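A structural walkthrough
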Amino acid sequence: MRINASYTSFVAVGDSFTEGMSDLLPDGSYRGWADLLAARLAAREPGFRYANLAVRGKLIGQIAEEQVPAAAAMRADVVTLVGGLNDALRPKVDMGRVRGHLEEAVGLLAPSCKTLVLMRSPGRNGPVMERFRPRMEELFAVVEELAARHGALVVDLYGAEVLGDQRMWDVDRLHLTAEGHRRVAEAVWQTLGLPAEEDWRAGLPPAVRPGWAVRRSQDLGFARQHLLPWIGRRLTGRSSGDGRPAKRPELVPYEATVGELPS
């Protein structure tokens with residue numbers, strides 16, 4: 001790892017985690033860790049270029065087919081690839097096919113950029129996490145193996161206890177809050193060899209557990225607004241990203257907008 005390294009371009013590839021859900025801006029768009037990281041990198045490097053090809057709901061096969069070739073063609077200094085978790089969280093999944101798609105994606109991206117960054121994604125503590133933990137850890141073992149084989153960096157978000165804290169997750173229980181995304185941006189920043197600005201692993205203050213009635217109300221609201229629609233999409237073969245374009249499809253000079261500059 002280079003200390004105080006210089007990067008002139010960045011391409012982000014993946015699903016809703018990289019698109020930025022649920023770091024919501026006042027205009028209704030999502031920011032997220034990749035946009036935050038790009039803003040910080042742009043502040044260091046005149047003419048810095050950025051593209052974000054991530055689209056919510058994408059499976060690793062779709063990422064490998066739809067985003068990876070375009071990202072490889074951009075020949076960026078830094079490429080981040082985060083995918084496979086949507087596959088692992090499905091009721092049925094062929095982890096062999098997930099491995100194959102990841103191998104294809106990493107094999108194409110690694111030689112096309114100066115620095116490829118992979119991740120062990122965070123997971124919200126709770127029953128869903130425990131149910132799918134074996135699949136997640138199988139996925140992350142593949143990530144580690146591919147990183148070692150291709151000389152990629154790995155950001156270990158899964159091993160950070162604070163990112164499992166339920167307060168770091170939005171009401172949909174699937175996506176990080178703005179604070180969670182801010183910490184991920186710092187984690188990637190440090191992994192790239194840039195000077196630390198904070199301890200992104202630092203724990204939150206002790207939690208005050210809400211009463212039973214509040215917890216049940218939260219559970220019912222979650223089921224009605226998020227869980228049932230998610231199940232409906234699974235049953236009908238639909239995705240929240242169907243027909244949705246990437247928010248930054250071209251590798252162009254970064255232009256900061258309100259809400260995208262790091263605080």
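Just above, that's the structure.
Residues numbered from 1 in each chain as written. Predicted model: local features only at pLDDT ≥ 70, side-chain atom pairs only at ≥ 80, totals over all residues. Heavy atoms only, no water.

**With respect to the pattern of salt bridges**
Spelled out, the test is: Salt-bridge detection follows one rule: a side-chain nitrogen of Lys or Arg within 4 Å of a carboxyl oxygen of Asp or Glu.
With the rule as written, the count across this model stands at 19 salt bridges. Members of the salt-bridge network, linked through shared partners, are R99, E103, E145 and R149.

**Digging into unusual backbone geometry**
In most cases, non-glycine residues show a negative phi, while peptide bonds are predominantly trans. Put simply, the test is: Secondary structure follows DSSP: runs of H or I at least 4 residues long count as helices, runs of E at least 2 residues long count as strands, and numbering of each begins at the N terminus. Burial classes: relative accessible area under 20% of the type maximum marks a residue as buried, over 50% as exposed, and values in between as partly exposed (1.4 Å probe, protein chains only).
Cis geometry is found at the peptide bond from M21 to S22, where omega equals 5 degrees. Along the chain, S22 falls in the loop between α1 (16-19) and α2 (33-44). The phi dihedral of R75 is positive, around 50 degrees, even though this residue is not glycine. Structurally, R75 can be placed in the loop between α3 (60-74) and β3 (78-82). Accessibility expressed as a relative area gives 55% for R75, which makes it exposed. The residue R173 is not glycine, and still its phi comes out positive at about 65 degrees. Here R173 lies in the loop between β5 (153-156) and α7 (178-191). We classify R173 as partly exposed; its relative accessible area is 24%.

**Focus on the packing of aromatic side chains**
Selection criterion: Pairing of aromatic rings covers Phe, Tyr and Trp, the last counted by its six-membered ring, and requires centre-to-centre distances within 6.5 Å; plane angles under 30 degrees mean stacked, over 60 mean edge-to-face, and any other angle means tilted.
With the rule as written, the count across this model stands at 4 aromatic pairs. Aromatic side chains F10 and Y50 sit 5.3 Å apart centroid to centroid with 25 degrees between the ring planes, which places their arrangement in the stacked category. Of this pair, F10 sits in strand β1 (residues 9-14) while Y50 sits in strand β2 (residues 49-52), and the two are 40 residues apart along the sequence. Taken as a pair, F10 and Y50 share a single burial class, namely buried.

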